[in-house]
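The primary structure of each chain is shown beneath.
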Amino acid sequence: GWVEHDASEIWERTQEVIVGALKQANILASDLVGIGITNQRETTVAWDVKTGLPLANAIVWQDTRTANYLDTLSDAQKKLITHRSGLTIAPYFAGSKMHWLISEVPAVRDAIAAGNARFGTIDSWILWNLSGGVRGGVHFTDVTNASRTLLMNLETLDWDQELLDIFEIPRSVLPDIKSSSEQYALTDPHGPFGSAIPIAGILGDQQAAMVGQGCFELGDSKCTYGTGNFALVNTGTQIVRSENSLLTTVCYKFGTEATKYALEGSVAVTGAAVQWLRDQLELIKSADEIEELAKSVPDNGGVYFVPAFSGLFAPHWRSDARGVIVGLTRGVTKAHLARAALEAICYQSREILVALAAESGVQLKQLRVDGGITNNNLCMQIQADVLQIEIVRPQIVETTALGAAYAAGLAVGYWKSAEELKAKSVIANTWSPVKDSELATKGFYQWEKAV
């Protein structure tokens, strides 16, 4: 259940991507008016402010090592955490990961004692390095990332002392919480850009996709298809507390404007299931091969796949769940497994979207989608059939990166308003459902039985 990253490698790769993107776009760093950062939200890193080095591997959002610790919290503590943070009690979030690093890694405790430890989600780590690192990097995060820690109070938008006390995390190691769109610092001229550029946007990846999709109005929603799947609906300035194990989270905050909130449904493993078929089972050589393989059979052959490799997220929140493939016969081929994997992505998405519609009171007539898997036309058609609504994909599917750029552009005045950004969206593809498809009835019923 452990999933880790080397934070130093993430910083090295970030620098490579910066240099490569500028070269590919054939522009100079000095031409940039601002840059935005977007990131895996709950992935947690601790580093030494004097050496600039991570004190341990970053603990990734999918990691489940803290499940037993969370079980030791009292019902009263769990209730307080959920009410203040808007989140459910799960190893997914950053707070218990920070507690684990302090409890289990002597180097972290030593750095805290010396006053040199800094904690943060990946945005904080990237921002600190971009702005100079040991030469004076700033230690900030934004409200969207802070809202994924179990430590931020949704109403005050600040670290909550009672929650910090529960997880035994000193306030001194945490970044200051800022809005999602303001100038935080300039890039270090000695860094990968080679010049001083305003860093002016920070958004967690799913919130960035909301901004990139132009979901600025009450009731606007989208679903991002990545390693996992994440569907959000904008609830405006109202904090809507979930009755059905969804997450209440900050959608975005642009500068001094009112904070916008969202309800979110999260699925742990979707695109990661395709990676598993590729890397562990070696049924395909590249992720995009799965579409042709799945298309080679008319249906799943009675096979249903629940990829609960990291437990199940919304609406089940069972970190003890494990993956299962059911319905196997001698007639089943790797093509049926491939199709079952694509269907699992769509069935899991339906579970959270139905819950979101019920909670928000917004009936979905259309779903905006983005992320890598949306290039898989078969998967998107299955999704339309499973949901029985139209699926819409924008021209730019990497809306996460786009949203970070939008936030930065607003902060430096490159764009004047959210309305201007919304007008930029161009639809590339739509998928209409096959009316009364069996995928929406019998298929979903069988998949729920497998769950």
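For the structure, see preceding data.
Quick notes on the rules
Residues numbered from 1 in each chain as written. Predicted model: local features only at pLDDT ≥ 70, side-chain atom pairs only at ≥ 80, totals over all residues. Heavy atoms only, no water. Pairing = 2+ DSSP bridges. Helix = DSSP H or I, 4+ residues; strand = E, 2+ residues; numbered from the N terminus. Axes fitted to C-alpha atoms, helices over the stretch in contact; angles between N-to-C directions. Contact = heavy atoms within 4.5 Å. Parallel < 35°, antiparallel > 145°, perpendicular 65-115°, else oblique. Nonpolar A, V, L, I, M, F, W, Y, C, P; charged D, E, K, R; others polar. Expected span 1.5 Å × (residues − 1). Buried < 20%, exposed > 50% of the residue type's maximum accessible area, 1.4 Å probe, protein only. Arc of directions from axis to C-beta. Core = buried A, V, L, I, M, F, W, Y, C linked by side-chain atoms within 4.5 Å.

S.K.: I'm lost on the sheet that holds strand E2 (residues 35–39) in this one. Help?
M.R.: Either a parallel or an antiparallel arrangement is found when strands of a sheet pair, and the pairing is made through backbone hydrogen bonds. The strand order across the open sheet built from 3 strands is E2-E11-E10, with neighbouring strands paired in mixed fashion. Strands with a single pairing partner mark the edges of an open sheet, and in this sheet they are E2 and strand E10 (181–186). Direction aside, the axes of adjacent strands within the sheet are offset by 40° on average. In the sheet, E10 pairs with strand E11 (residues 198–204) via 3 bridges, with the strands oriented antiparallel. Bridging from a neighbouring strand, Ala185 pairs with Ile199 of E11. Packing of helix H6 (residues 122–130) onto the sheet brings it into contact with E2, E10 and E11, and relative to E2 it is tilted by some 145°.

S.K.: Looking at this model, I keep getting lost on the packing of helix H12 (residues 334–360) against helix H16 (residues 442–450). Mind explaining?
M.R.: At a minimum axis separation of 11 Å, H12 and H16 run at an interaxial angle of 85°. Taken together, the axes of H12 and H16 are roughly perpendicular relative to one another. Along its contact with H12, which presents Ala344, Tyr347, Gln348, Arg350 and Glu351, the element H16 presents Gly443, Phe444, Trp447 and Glu448. Its residues placed into classes, the contact of H12 with H16 shows 4 nonpolar, 2 polar and 3 charged.

S.K.: Can you help me understand the environment of Asp205 in this one?
M.R.: Note on placement: Asp205 falls in helix H9 (residues 205–212). Residues Asp205 and Ile37 lie 168 residues apart in sequence; the distance between their C-alpha atoms is 9.1 Å. Every residue in contact with Asp205, bar those within four places of it in the chain, is listed here: Thr38, Asn39, Gln40, Arg41 and Thr400.

S.K.: Any chance you could explain helix H1 (residues 7–25) here in plain terms?
M.R.: Residues spaced three or four apart along an α-helix face the same direction, because each turn holds 3.6 residues. With 19 residues, H1 ought to run about 27 Å at 1.5 Å a step, and its terminal C-alpha atoms sit 27 Å apart, in line with that. Residues Ala7, Trp11, Ile18 and Leu22 constitute the buried set of H1. Down the axis of H1, the buried set is contained in an arc of 65°. They therefore lie on one face. The exposed residues of H1 that point more than 90 degrees off its buried face are Val17, Lys23 and Gln24. Buried-residue contacts for H1 involve strand E1 (4–5), strand E3 (44–48) and H6.

S.K.: Just checking my understanding: could you explain the nonpolar core for this structure?
M.R.: For soluble globular proteins, nonpolar side chains are generally found buried alongside one another. With 124 residues, the main nonpolar core has Tyr92, Phe119, Phe167, Ile169, Leu174 and Leu367 as its most contacted residues. Among the elements that take part in this core, H12 stands out by supplying 14 residues, more than any other. Those residues in contact with Phe167 that lie beyond four places of it in its chain are Tyr69, Leu70, Ile81, Gly95, Ser96, His99, Leu150 and Leu151. Listed in part, the 25 residues of the second largest apolar core include Ala7, Trp11, Ile37 and Val45.

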